[in-house]
2 protein chains.
Amino acid sequence: MEKNSNICLFSETVKKENENENEEEEKLQPIEEFMFYKKIPSLLVPPLNFAMVSKGIYRSGFPNKKNFAFLKKLHLKSIMYLSSDEYFEENYQFMKENNIQFFQNKIEGNKEPFKEISIEDISNALIKVLDTRNLPMLIHCNKGRHRVGCLIGCLRKLQNFSMNSIFDEYRRFAGPKLQISDQEFIEIFPVNIKLNREYLPESFLKFEKPQF
Amino acid sequence: MEKNSNICLFSETVKKENENENEEEEKLQPIEEFMFYKKIPSLLVPPLNFAMVSKGIYRSGFPNKKNFAFLKKLHLKSIMYLSSDEYFEENYQFMKENNIQFFQNKIEGNKEPFKEISIEDISNALIKVLDTRNLPMLIHCNKGRHRVGCLIGCLRKLQNFSMNSIFDEYRRFAGPKLQISDQEFIEIFPVNIKLNREYLPESFLKFEKPQF
């Protein structure tokens, strides 16, 4: 009798909040697990500064364990990290489990006045991004502001977007941390990358520059 | 002589553009028009606060004539305007020419403390948005900040996004003009809209809440 009522009580408390752990509760582990699952049935946490750039192209800050359930839904074929920093073991594990290819483009961000982002690095990254064999792809740096912002700005130039709209998008993610040197880089970036037409994403074929 | 060399220069450039046209046609091309076309080849101006929300779903502020060339590239099936204001004649004309359906959802934005956005209005709008028969769709209000921000916030709830990421996205577009009442509305918005499963966009089927 006593035990029965205890069980009853327990499942009730768990429903509200499972805070007070005592010995008896530990014995009932399976219930707790189930309740926990019920409490957060399928809340999806996108990575910091996550957004869809174009069909099959996503941008964000550094994804961590909390974001894995969300990332699974994107059915990614590849992840690109724009930094020379070491990558996390659990992220490698996640990619392995989900058959995701990893590209690390060791891009140094703009740090005025001494460090400058390289046109070649961004071009090489764009060649991989604009290849349907690698899509869907998540491109990320650490905060999803500057390095990703530069890359996406250059990608928008390939789509012939106005500079005003490109800077606006850059600032939307960089916020008050915007770097004029990043915008300068985007503006001077030469749009003459050799892309493989066969694997060019459809939305880029549509935006293709007429040949004169 | 002078004149001849001029023509020569001109026909050479034209040949590159439309190779298959014969000489006589080339001569008939008015030089000035061609040069003008060359001067603004294909600069695309997205509307204010434009972004891709999900496959086939776009958001923005009020599109005007400058944005029409860009909008054409999206191959829109419909445009939704979230306001009771009158629509512009040239926008009607653009939609007619491009076979785009128009939805006007007369949503009143939040204006604290007297005016409140209505749950029913947003639900009705979402039912149209989450119907593949209407996609690709551009959803816009005037500045692309508040009314569209509320609608997209509610749409993200249907995708089970965390509130933190939803507010972050809302603020990215609202900037310093963010309205706490908008975020409040998104948070209390009940996720129990009846959607037609048959026409639900694929990316929403993926995010569908598991049934317990």
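One can find the structure itself at the top, above this paragraph.
Please read all numbers here as calculations on a predicted model, not as lab measurements.

So, how was this worked out
- Residues numbered from 1 in each chain as written.
- Chains lettered and ligands numbered in written order.
- Predicted model: local features only at pLDDT ≥ 70, side-chain atom pairs only at ≥ 80, totals over all residues.
- Heavy atoms only, no water.
- Helix = DSSP H or I, 4+ residues; strand = E, 2+ residues; numbered from the N terminus.
- Buried < 20%, exposed > 50% of the residue type's maximum accessible area, 1.4 Å probe, protein only.
- Contact = heavy atoms within 4.5 Å.
- Areas by Shrake-Rupley, 256 points an atom, 1.4 Å probe, with all protein chains shown as cover.
- Patch = residues over 30% accessible without salt bridge, like charges linked within 9 Å, V, L, I, M, F, W, Y side chains within 5 Å.
- Salt bridge = Lys/Arg side-chain N within 4 Å of Asp/Glu carboxyl O.
- Lys, Arg positive; Asp, Glu negative; His and termini not counted.
- Charge placed at Lys NZ, Arg CZ, Asp CG, Glu CD.
- Polar contact = N/O pair within 3.5 Å; in protein donor to acceptor, adjacent residues only side chain to side chain.
- Phe/Tyr/Trp six-rings, centres within 6.5 Å; stacked < 30°, edge-to-face > 60°.
- Axes fitted to C-alpha atoms, helices over the stretch in contact; angles between N-to-C directions.
- Parallel < 35°, antiparallel > 145°, perpendicular 65-115°, else oblique.
- Left-handed = near helix turned anticlockwise from the far one by under 90°.
- Nonpolar A, V, L, I, M, F, W, Y, C, P; charged D, E, K, R; others polar.
- Arc of directions from axis to C-beta.
- Pairing = 2+ DSSP bridges.
- 1 Å grid on protein atoms, 1.4 Å probe; cavity = no way out; pocket = protein on both sides within 12 Å on 5 of 7 lines; lining within 4 Å.
- Points joined across faces, edges and corners; volume = space filled by probe spheres on them.
- Disulfide = S-S within 2.5 Å.

## With respect to the overall build of chain A
Scanning chain A from N- to C-terminus turns up 10 helices and five strands. In chain A, which comprises 212 residues, the proportion classed as buried is 46%. Sequence-distant contacts in chain A: of pairs separated by 6 or more residues, those separated by 24 or more amount to 64%. Taken as a whole, chain A presents about 12,100 Å² of accessible surface, with 51% of it coming from carbon and sulfur.

## A short note on a negative patch on the surface
The grouping of Glu112, Glu116, Glu184 and Glu187 of chain A at the surface amounts to a negative patch. With respect to the helices, strands and loops of the structure, Glu112 of chain A is situated in the loop between strand S4 (101–104) and helix H6 (119–129).

## What about the side chain of Asn49 of chain B?
Counting through the fold element by element, Asn49 of chain B comes out in the loop between helix H3 (31–39) and strand S1 (51–54). At a separation of 3.0 Å, a polar atom in the side chain of Asn49 of chain B contacts the main-chain carbonyl oxygen of Lys143 of chain B. Discounting residues that sit within four places of it in the chain, Asn49 of chain B has contacts with Asp168 and Arg172 of chain A together with Arg59, Ser60, Gly61, Lys143, Gly144, Arg145 and Phe173 of chain B.

## So, the packing of aromatic side chains
Considering all chains together, one arrives at 24 aromatic pairs over all chains under this definition. Measuring from centroid to centroid gives 5.2 Å for Phe62 of chain A and Tyr81 of chain A, while their planes differ by 85°, and the two rings are edge-to-face. Here Phe62 of chain A is found in the loop between strand S2 (57–60) and helix H4 (68–73), whereas its partner Tyr81 of chain A is found in strand S3 (residues 78–81), with 19 residues between them in sequence. On the basis of relative accessible area, Phe62 of chain A is assigned to the buried category, the value being 16%. Measuring from centroid to centroid gives 5.5 Å for Tyr87 of chain B and Tyr92 of chain B, while their planes differ by 70°, and the two rings are edge-to-face. A relative accessible area of 6% means that Tyr87 of chain B is categorised as buried.

## Side note on the packing of helix H6 (residues 119–129) of chain B against helix H7 (residues 147–158) of chain B
Residue and element names in this part refer to chain B. The geometry of H6 relative to H7 is characterised by a closest axis approach of 10 Å and an angle of 65° between their N-to-C directions. As far as their axial angle goes, H7 and H6 are roughly perpendicular. Taken as a pair, H6 and H7 cross one another with a handedness that is right-handed. Contact with H6, carried on its side by Ile122, Ala125, Leu126 and Val129, involves Cys150, Leu151, Cys154, Leu155 and Leu158 of H7 and no other residues of that element. In terms of residue class, the contact of H6 with H7 is built from nine nonpolar, no polar and no charged.

## Some details on helix H5 (residues 89–97) of chain B
All names here are of chain B. All buried positions along H5 are accounted for by Asn91, Phe94 and Met95. Looking down the long axis of H5, one finds its buried residues gathered within 95° of arc, a one-sided arrangement. Counted as exposed and oriented over 90 degrees from the buried face of H5: Glu89, Lys96 and Glu97. Among the residues trailing H5, Asn99 stands out with phi positive, at a value near 60°.

## A closer look at the sheet that holds strand S4 (residues 101–104) of chain B
All names here are of chain B. With mixed pairing, five strands are arranged side by side in an open sheet as S1-S2-S5-S3-S4. Sheet topology places S1 and S4 at the edges, where each strand pairs with a single neighbour. Each neighbouring strand pair of the sheet contributes to a mean axis angle of 25°, computed without reference to strand direction. As paired strands, strand S2 (residues 57–60) and strand S5 (residues 137–140) are joined by four bridges and run parallel to one another. Residue pairing in the sheet places Tyr58 in a bridge with Leu138 of S5.

## Details of empty space enclosed by the protein
Taken as a whole and judged by the stated rule, the model has one cavity of 30 Å³ or more. When its volume is computed, the largest cavity comes out at roughly 110 Å³. The wall of the largest cavity is formed by 14 residues, among which Ala51, Met52 and Phe173 of chain A together with Ala51 and Met52 of chain B lie closest to the centre. Where the lining of the largest cavity is concerned, the elements lending two or more residues are strand S1 (51–54) and helix H8 (163–174) of chain A together with S1 and helix H8 (163–174) of chain B.

## Re the state of the cysteines
Residue and element names in this part refer to chain B. On inspection of all chains with the given rule, the structure shows zero disulfides over all chains. Here Cys141 stays unpaired: no disulfide links it, and the sulfur of Cys150, its closest cysteine neighbor, is 9.0 Å away. You can see Cys154 has no disulfide; the closest cysteine sulfur is in Cys150, sitting 6.6 Å from it. Since its relative accessible area comes to 0%, Cys154 is described here as buried.

## Considering the sheet that holds S2 of chain A
Residue and element names in this part refer to chain A. Strand order in the open sheet formed by five strands is S1-S2-S5-S3-S4, with mixed pairing between adjacent strands. The two strands at the open ends of the sheet, each matched to only one other strand, are S1 and S4. Between one strand axis and the next, the sheet turns through 25° on average, direction left out of account. For S3 and S4, the ladder comprises four bridges, and the chain directions are parallel. In the sheet register, Met80 faces S4, and the bridge partner there is Phe103. Contacts between helix H7 (residues 147–158) and the sheet are confined to S1, S2 and strand S5 (137–140), with S2 contributing the most and set at about 150° to the helix.

## A short note on the pairing of S5 of chain A
All names here are of chain A. Here S5 shows two buried faces, one formed by Met137 and Ile139 and the other by Leu138 and His140. Sheet analysis places S3 next to S5, joined by four bridges and oriented parallel. By the bridge assignment for S5, Ile79 is matched with Leu138.

From the geometry alone we can't say anything about function, so treat these as descriptive.
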